[in-house]
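# Structure assessment
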Amino acid sequence: MKIFIDGSYFEKDQAVVSVFDHGLLYGDGVFEGLRIYNGRIFKLKEHVDRLYASAKALSLEIPYTRDEFSRILNDGVEINGKSGSGQSGYIRAVVTRGSGDLGLDPDKCVRASVIVITGDIQLYPEELYRSGISIASVSVRRNSVDSLDPRIKSLNYLNNILAKIEAKQSGAAEGLILNRDGFIAECTADNIFIVKDGVLCTPLLTCGALGGITRGAVLEVAEQEGISVLETVLAQYDLYTADECFLTGSGAEIIPVVTADRRAIGDGKVGPVTEKLRSAFKKYAESYGG
Ligand code: PXG
């Protein structure tokens, strides 16, 4: 595995960053997780745009143009032997504030650091994609726009990590995160969808959901498949009374959910709309041309 750090490639055990990097000291930085399907980066432009928007929101200057950054990501795919047809993989792109001193002043950091890891990811065992997972509501609330805007994909994921810990402690695979108003935002690294009476529903971004790239692709695919979609405000009630539920993310892709807070969703089995979208999404991703 060849890892890109600030213009050079390193083997895994040689790929190290400074202990003075503010990404480590303060979580000061941004990141993206991208998928490679059939040798190509899925929704590259959308990921790069989101990365630059997150960085802009933190006044973090990425030392490459968007085109240069896209080239670095594509080069990583090539160099790591993942550009052939039929190849799949996962990329983690990280931009940190860079090395500074022990104070938090970002102006002491001379240059942002860029790290690109091109490898693989399997968030859940294959059988769970067929049988579905359980989720549990957690007490941790989604960051609010007046503290740390949830649209920023920053290196500080502690609220999501606390949610994941809480969910696992209660025996569930994923945590359902509500916003300050008690409405559903999303899960710890995934967007949430429900199906009710044939309509595919997902929380509005204003409810605190990240504008997930997979979320966007699923909405596109659903429309192509003639499924009605609705971005709306959802409460736990809507989840408990839904016919189907699934989560989306670059890491998890589309993972069915069969129980929420120990209640069966619908008949407690993976539903037909979820199955249809999973197979349509797979085709869409494999044939995606950029
Ligand atoms: N919500 C949050 C809070 C996220 O961090 C998503 C939703 C899904 O977005 P995409 O664009 O991936 O469809 C994310 C994604 C992973 C992983 O390995 C993903 C994220 C963060 C950490 C790990 O899937 N972000």
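Treat the numbers as computed from the prediction; the structure is a model and nothing was measured.

## Overview of the overall build of the chain
Helices and strands together make up the secondary structure of the chain, namely 8 helices and 15 strands. Against the 2.2 N^0.38 benchmark of 19 Å for 290 residues, the chain shows a C-alpha radius of gyration of 19 Å, consistent with a compact globule. If one aligns the C-alpha atoms of the chain with their principal axes, the spans along those axes are about 55 × 45 × 30 Å. For the chain, the proportion of its 290 residues judged to be buried stands at 49%. Here the analysis covers contacts within the chain between residues at least 6 apart in sequence; of these, 69% occur between residues at least 24 apart. Put simply, the chain shows about 13,600 Å² of open surface, and 52% of that area lies on carbon and sulfur atoms. Side chains of the chain carry 32 positive and 39 negative charges; the gap between the two charge centres is 2 Å.

## A short note on helix H6 (residues 213–224)
If you check H6, its first and last C-alpha atoms are 17 Å apart, about what 12 residues at 1.5 Å a residue would give, namely 16 Å. After H6 finishes, the residue Gly 226 shows a positive phi value of roughly 75°.

## Side note on the site of the ligand
Taken together, 23 residues lie near the ligand, and Lys 153, Tyr 157, Glu 186, Thr 214 and Ser 250 sit nearest. Contact distances for the ligand include 2.6 Å between an oxygen atom and a side-chain N or O atom of Thr 214. Across the complex, the protein chains shield 94% of the 530 Å² of accessible surface that the ligand would expose by itself. For the shell around the ligand, the secondary structure elements donating two or more residues are strand E5 (89–96), H6 and strand E13 (244–249). The residue inventory of the shell around the ligand, partitioned by class, reads 8 nonpolar, 9 polar and 6 charged. Composition of the shell around the ligand by domain shows at least three residues from each of domain 1 (2–119) and domain 2 (126–287).

## Concerning the side chain of Ser 154
Of note, Ser 154 is situated in the loop between strand E7 (133–141) and helix H5 (158–169). According to the relative accessible area criterion, Ser 154 is buried, its value standing at 5%. Within the structure, Ser 154 has its side chain in polar contact with the backbone nitrogen of Asn 156 (distance 3.0 Å). Ignoring anything within four residues of it in the chain, the contact list for Ser 154 reads Gly 29, Val 30, Phe 31, Leu 58 and Leu 148.

## Comments concerning the packing of H6 against helix H8 (residues 272–286)
Their axes nearest at 10 Å, the elements H6 and H8 cross at an angle of 105°. As judged from the angle between their axes, H6 and H8 are roughly perpendicular. Contacts from Thr 214, Ala 217, Val 218, Glu 220, Val 221, Ala 222 and Gln 224 of H6 reach H8 at Leu 277, Ala 280, Phe 281 and Tyr 284. Broken down by class, the residue content of the contact of H6 with H8 amounts to 8 nonpolar, 2 polar and 1 charged.

## Overview of the domain arrangement of the chain
Domain annotation of the chain identifies domain 1 (2–119) and domain 2 (126–287). Distance from the C-alpha centre of domain 1 to the C-alpha centre of domain 2: 26 Å. Counting residues at the interface gives 25 residues for domain 1, matched by 21 residues for domain 2. Roughly 1,800 Å² is buried in total at the junction of domain 1 and domain 2, and carbon and sulfur atoms are behind 60% of that figure.

## Observations concerning the packing of aromatic side chains
This structure, assessed with the given rule, holds 12 aromatic pairs. Pairing Phe 42 with Tyr 284 gives two aromatic rings, centres 6.0 Å apart and planes at 90°, and the pair type is edge-to-face. Residue Phe 42 is located in the loop between strand E4 (40–41) and helix H2 (44–57), and its partner Tyr 284 is located in helix H8; the two are separated by 242 residues in the primary sequence. The residues Phe 42 and Tyr 284 share a single accessibility class, namely buried. Relative to Tyr 288, the ring of Phe 42 lies with its centre 5.0 Å away and its plane at 70°, an arrangement referred to as edge-to-face. Pair noted here: Phe 42 is in the loop between E4 and H2 and Tyr 288 is in the segment after H8, with a separation of 246 residues, a long-range link. On the accessibility criterion, Phe 42 (4% relative accessible area) is buried. Here a set of aromatic residues connected by ring pairs shows up, and it is made of Tyr 37, Phe 42, Phe 281, Tyr 284 and Tyr 288. Above the ring of Tyr 64, the side-chain terminus of Arg 111 is found at 6.0 Å from the ring centroid.

About the thresholds
Residues numbered from 1 in each chain as written. Predicted model: local features only at pLDDT ≥ 70, side-chain atom pairs only at ≥ 80, totals over all residues. Heavy atoms only, no water. Helix = DSSP H or I, 4+ residues; strand = E, 2+ residues; numbered from the N terminus. Rg over C-alpha atoms; globule rule 2.2 N^0.38 Å. Buried < 20%, exposed > 50% of the residue type's maximum accessible area, 1.4 Å probe, protein only. Contact = heavy atoms within 4.5 Å. Areas by Shrake-Rupley, 256 points an atom, 1.4 Å probe, with all protein chains shown as cover. Lys, Arg positive; Asp, Glu negative; His and termini not counted. Charge placed at Lys NZ, Arg CZ, Asp CG, Glu CD. Expected span 1.5 Å × (residues − 1). Near = heavy atom within 4 Å. Polar contact = N/O pair within 3.5 Å; in protein donor to acceptor, adjacent residues only side chain to side chain. Nonpolar A, V, L, I, M, F, W, Y, C, P; charged D, E, K, R; others polar. Domains from an automatic or database assignment. Axes fitted to C-alpha atoms, helices over the stretch in contact; angles between N-to-C directions. Parallel < 35°, antiparallel > 145°, perpendicular 65-115°, else oblique. Buried area = accessible area lost by both parts, 1.4 Å probe. Phe/Tyr/Trp six-rings, centres within 6.5 Å; stacked < 30°, edge-to-face > 60°. Lys NZ or Arg CZ within 6 Å of the ring centre and 35° of its normal.

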